[in-house]
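Tertiary structure, described
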Amino acid sequence: MYQRSVYPYTQNGGTGLLFAAGATGKNLTESQYGIASVKFRWNLSGSFQQCLPRYLSVDADGGDEREFLLDVFSTPEQMINAVFLKGYQWPFDPLKIAGEGSSLIDILIYQEEMLKNRHVYMDFIHNSKALEPNGCVDFGGLSEEARQYLVNCNALQQTPYERLAKINPAAITVYRDHGIDLAQERLEISVCAQHNNGGIAGNAWWESEIRHLFPVGEVNGSHGVYRPGGSALNAGQVGGLRAAQYITRHYREEARQKPEFLAEHASDIEQVIRFADEAVAAPGNAPIDVRQELELLRARMSRYGSFIRTLEGVRTALQENRDQRRFVLANHALSDTKNLPDLFRLLELITAQYVYLKAIEDYILQSGISRNSYLVYNQFGKLAHDGTDECFRNCTENPNTSQIQEIRYDAAQEACRVWWRPVRPMPENDQWFETVWQKYADGNIFS
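Calculation criteria
Residues numbered from 1 in each chain as written. Predicted model: local features only at pLDDT ≥ 70, side-chain atom pairs only at ≥ 80, totals over all residues. Heavy atoms only, no water. Helix = DSSP H or I, 4+ residues; strand = E, 2+ residues; numbered from the N terminus. Buried < 20%, exposed > 50% of the residue type's maximum accessible area, 1.4 Å probe, protein only. Salt bridge = Lys/Arg side-chain N within 4 Å of Asp/Glu carboxyl O. Pairing = 2+ DSSP bridges. Phe/Tyr/Trp six-rings, centres within 6.5 Å; stacked < 30°, edge-to-face > 60°. Lys NZ or Arg CZ within 6 Å of the ring centre and 35° of its normal. Core = buried A, V, L, I, M, F, W, Y, C linked by side-chain atoms within 4.5 Å. Axes fitted to C-alpha atoms, helices over the stretch in contact; angles between N-to-C directions. Parallel < 35°, antiparallel > 145°, perpendicular 65-115°, else oblique. Left-handed = near helix turned anticlockwise from the far one by under 90°. Nonpolar A, V, L, I, M, F, W, Y, C, P; charged D, E, K, R; others polar. Contact = heavy atoms within 4.5 Å. Arc of directions from axis to C-beta.

**Here's the deal with the environment of P8**
With respect to the helices, strands and loops of the structure, P8 is situated in the segment before α1 (15–20). Taking relative accessible area as the criterion, P8 reaches 46% and is therefore assigned partly exposed.

**Considering the pattern of salt bridges**
A full pass over the atoms with the stated rule returns 29 salt bridges. A salt bridge links R227 to E218, with the nearest nitrogen and oxygen atoms 3.8 Å apart. Judged by relative accessible area, R227 falls into the buried class, the value being 15%. The partner of E361 in a salt bridge is K358, and the shortest N-O contact between them spans 3.0 Å. A residue pair is termed a helical-turn pair when its members lie 3 or 4 positions apart in one helix, as E361 and K358 do in helix α13 (residues 340–366) at 3 residues. Linked through salt bridges whose partners overlap, the residues forming this network are D64, R66, D71, E112, K116 and R118.

**Overview of the sheet that holds strand β11 (residues 415–422)**
Taking strand neighbours across the sheet as the criterion, the 4 strands line up as β7-β1-β10-β11 in an open arrangement whose pairing is antiparallel. Edge positions in the open sheet fall to β7 (199–200) and β11, since each of these has one partner strand only. As paired elements, strand β1 (residues 24–26) and strand β10 (residues 403–410) share 3 bridges and run antiparallel to each other. Within β10, the residue paired with G25 across the bridge is I407.

**Here's the deal with the packing of aromatic side chains**
How two aromatic rings sit relative to each other is given by the distance of their centres and the angle of their planes. Counted by the stated rule, this structure contains 25 aromatic pairs. Relative to Y149, the ring of F84 lies with its centre 5.5 Å away and its plane at 65 degrees, an arrangement referred to as edge-to-face. One end of the pair, F84, is in helix α3 (residues 76–86); the other, Y149, is in helix α5 (residues 144–152), and 65 residues separate them in sequence. Take F84 and Y149: they sit in the same class, and that class is buried. Residues F214 and Y246 carry aromatic rings whose centres are separated by 6.3 Å and whose planes lie at 55 degrees to one another, so their mutual orientation is tilted. One end of the pair, F214, is in the loop between β7 and α8 (231–250); the other, Y246, is in helix α8, and 32 residues separate them in sequence. One aromatic cluster in this structure is built from W205, F214, Y246, Y251, F433, W437, Y440 and F446. The ring of Y374 carries the charged tip of R309 above its face, separated from the ring centre by 4.0 Å. The ring of Y354 is capped by R322, whose NZ or CZ atom sits 3.8 Å from the centre of that ring.

**With respect to the nonpolar core**
In terms of nonpolar packing, the biggest core is built from 98 residues, with I35, Y55 and L182 touching the most fellow members. Looking at which element gives the most residues to this core, the answer is α13, with 15 residues. Judged by nonpolar contacts, the second largest core, of 7 residues, contains F214, A243, Y251 and F446.

**Some thoughts on unusual backbone geometry**
The phi torsion at E100 lies on the positive side, around 55 degrees, for a residue other than glycine. Structurally, E100 can be placed in the loop between α3 and α4 (104–115). Exposure remark for E100: the relative accessible area of 12% places this residue in the buried category.

**Observations regarding the packing of helix α12 (residues 311–330) against α13**
Where α12 meets α13, the axes come as close as 9 Å, and the angle between the chain directions of the two elements is 155 degrees. It follows that α12 is roughly antiparallel to α13 by the angle criterion. Once α12 is placed against α13, the crossing between them reads as left-handed. Its residues assigned to classes, the contact of α12 with α13 comprises 15 nonpolar, 4 polar and 5 charged.

**As for the side chain of T15**
Within the secondary structure layout, T15 lies in helix α1. Look at T15 and you get buried, because its relative accessible area is 16%. Among all residues touching T15, those that are not within four sequence positions of it are V219, E348, A352 and Y356.

**Structural notes on the sheet that holds strand β5 (residues 119–123)**
Strand order in the open sheet made by the 5 strands is β3-β2-β6-β5-β4, with antiparallel pairing throughout. Edge positions in the sheet fall to β3 (42–43) and β4 (54–58), since each has one partner strand and no second. Both β4 and β5 contribute to a ladder of 5 bridges, which runs antiparallel. From the neighbouring strand, R54 faces β5, where its bridge partner is D123.

**Re the environment of V225**
Structurally, V225 can be placed in the loop between β7 and α8. Through-space distance from the C-alpha of V225 to that of G240 is 22 Å; in sequence the pair is 15 residues apart. Setting aside residues no more than four positions away along its own chain, V225 makes contact with E30, N197, R371 and N372.

**Comments concerning the packing of helix α11 (residues 290–304) against α13**
Relative orientation and spacing of two packed helices are given, respectively, by the angle between their axes and the distance between those axes. One can describe the packing of α11 onto α13 by two numbers: an axis separation of 10 Å at closest approach and a directional angle of 15 degrees. Classified by the angle between their axes, α11 and α13 sit roughly parallel to one another. For the crossing formed where α11 meets α13, the hand is left-handed. Counting all contacts with α11, which are made through V290, R291, E293, L294, L297, R298, R300 and M301, the residues of α13 involved are D342, L343, L346, L349, I350, Q353, Y356, L357 and I360.

**Observations concerning α5**
For α5, the set of buried residues is A146, Y149 and L150. Projected down its long axis, α5 carries its buried residues within an arc of 95 degrees, all on one side. For α5, the secondary structure elements touched by its buried residues are α2 (47–50), α3 and α6 (160–167). N154 sits one or two residues past α5 and shows a positive phi near 55 degrees.

**A word on the pairing of β4**
The buried count for β4 comes to 5 of 5 residues, which makes it a mostly enclosed element. With burial as the criterion, each face of β4 is covered, one bearing R54, L56 and V58 and the other bearing Y55 and S57.

Take it as geometry only, folks, not as evidence of what the structure does.
Now the structure itself:
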């Protein structure tokens, strides 16, 4: 759904299908974003930052190279120390902007890319000017934390590449294995989608409101606003185990036979087949460029529904999304039948994007507070920094985390219903091991 993404290209997801089936979404506003390379998708956290690379941008033609971070940070020392901290504080966090914190870097990358139409790179070949104030490497401007880290790693070499090779040689290898030599090539970067902390709502046994549908893993909306440690383990491995336990206890009936299934869903299946037939056999109609439509959708989400959000931008994206849906439904002739899977994927992503954007719109209207890994423009807030655009003005005070947003898509009406409910309280009852074990052994725990 995002053009700027660190997800592997093969990971397409399928939440749009679940929304269309009536599954409830939860916490869809809560995603995580961070700096990553775009040619080969990989997070640039940890040692990639602690080796102190040079950040630079160029214009659309590849000229006018400059270290854009130095234009905004008050001192070179402040800038280079923020780069170091980015290793520990990789995800964008609006609470880490003030005082020229590490997340100011993410904002400045967005400003270069989206507002100035420039390309941004990390360079491991050359040092930043901040490390060479007199033409030679000088680590004197580093904080005690940064300097001691490099000393402990025996990584006071002359270039970022040499320091990275000392701290984490595997980081160099992973790029070399994908045809990129960091000793010769700069990395084009962006602030990319990394994790979806929201997803499909499930109960204590990971079953959704749709019987037999168990959203397990990242598709489950249980990760929490700040994705605390262990939440992914809980959503995936624990959730998978509990779902399996529940299924074996409750769903022992035989699956419906194929003729019965086809009879029950005949009209739905016929509708899909009719759409596919129209796409592959539409004489005289100009073929749709499915790949181009997918790129338009993904670029829209990265611009309006990523880590920088405005109500105006989200509403623009929603209108474009509806326009695109109408266009695809009316013009879906294909030049090659091999593109049919991508056409269905496009429709699924249009639905998913619509639901996510409606959730974001509602959050801005109800709260408008920046939190987790995104910034929401608020005209009454504080400007992120004097050197940043007005669109980064925001509030971070007292975000409401006592309520959870849930949303459901009505496929027939092509509309969403959004509501908020209180966070469920932690259980307070003391459970004696032998009692709990007996309930488990008897199967009563699954009731």
